[in-house]
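Here are the chains, one letter per residue:
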Amino acid sequence: WGESTDAWGYLSGEPVKDEDPRQYYKVIPTLYRAVDIRASAVANMPWALMRGEQEIETSQTFENKTGLYRSMHEMLYLIESSLVLAGQAYWKREKNVAGYDKIRHLEPFSMKLQEDKAKRGEIVWKRNENNVTKTYTPDEIIYFWLPDPFVELGPPSSWPVKSALNACGVLTNMDEFAKSYFGRGAIKAMIFSMT
């Protein structure tokens, strides 16, 4: 039970609700494909990693000189798919076993912006990791938020898949109806009553 929210506190992630973009992404093929097409297009764009005016690495000559990431293609794919599905994307700065800097993608819904601090212009997130709530600042997190005219500071209140949730619900219910219908051997459901 969380003292600050008067609600249950989850140790390892909150349960996924039925109308959650993550659920629809898993079961609606057209949604999955649409996200995949967008993310693949972004991931395949040419890119360059710069330090000031000096070019460190490009998509044409990738050798992973910095050790920051395994695959920039994968990181760009994850950013775009997160922005479409959640309106936000996050990279965590951390050290690898050799002590070199690296970046790691974080699940976007796992990051909770502290709204009381955001109202004062301060960006601080909380995130549950291994049953421990950790606090992060922009010194540790690289964040991407879609712009929203109704949000002054923080992740957007609307994003592409959120605006399509009603249509996703209709598609899911149609698929569930067809699955049940053919699961019964394509026999209409009947109700018998005895008087």
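Refer to the structure presented above.
Residues numbered from 1 in each chain as written. Predicted model: local features only at pLDDT ≥ 70, side-chain atom pairs only at ≥ 80, totals over all residues. Heavy atoms only, no water.

### Concerning the sheet that holds strand S5 (residues 112–113)
Move 1: Here three strands make up an open sheet; going across it, the order is S5-S6-S7 and the pairing antiparallel. The open sheet has two edge strands with one neighbour each: S5 and strand S7 (132–136).
Move 2: Here S5 pairs with strand S6 (residues 125–129) via two bridges, running antiparallel. When the bridges of S6 are listed, Leu 113 appears paired with Trp 125. (Pairing = 2+ DSSP bridges. Helix = DSSP H or I, 4+ residues; strand = E, 2+ residues; numbered from the N terminus.)

### So, the sheet that holds strand S8 (residues 141–145)
Move 1: Overall, antiparallel pairing links the three strands, which are arranged S4-S3-S8 in an open sheet. A single partner strand is all that each edge strand has here, and the edge strands are strand S4 (101–106) and S8. Strand-to-strand twist in this sheet, taken as the mean axis angle between neighbours without regard to direction, amounts to 20°.
Move 2: Of the strand pairs in this sheet, strand S3 (residues 88–95) and S8 are connected by five bridges, and their pairing is antiparallel. Among the inter-strand pairings, Gln 88 is bridged to a residue of S8, identified as Trp 145. (Axes fitted to C-alpha atoms, helices over the stretch in contact; angles between N-to-C directions.)

All quantities given are derived from atomic positions and should not be read as evidence of function.
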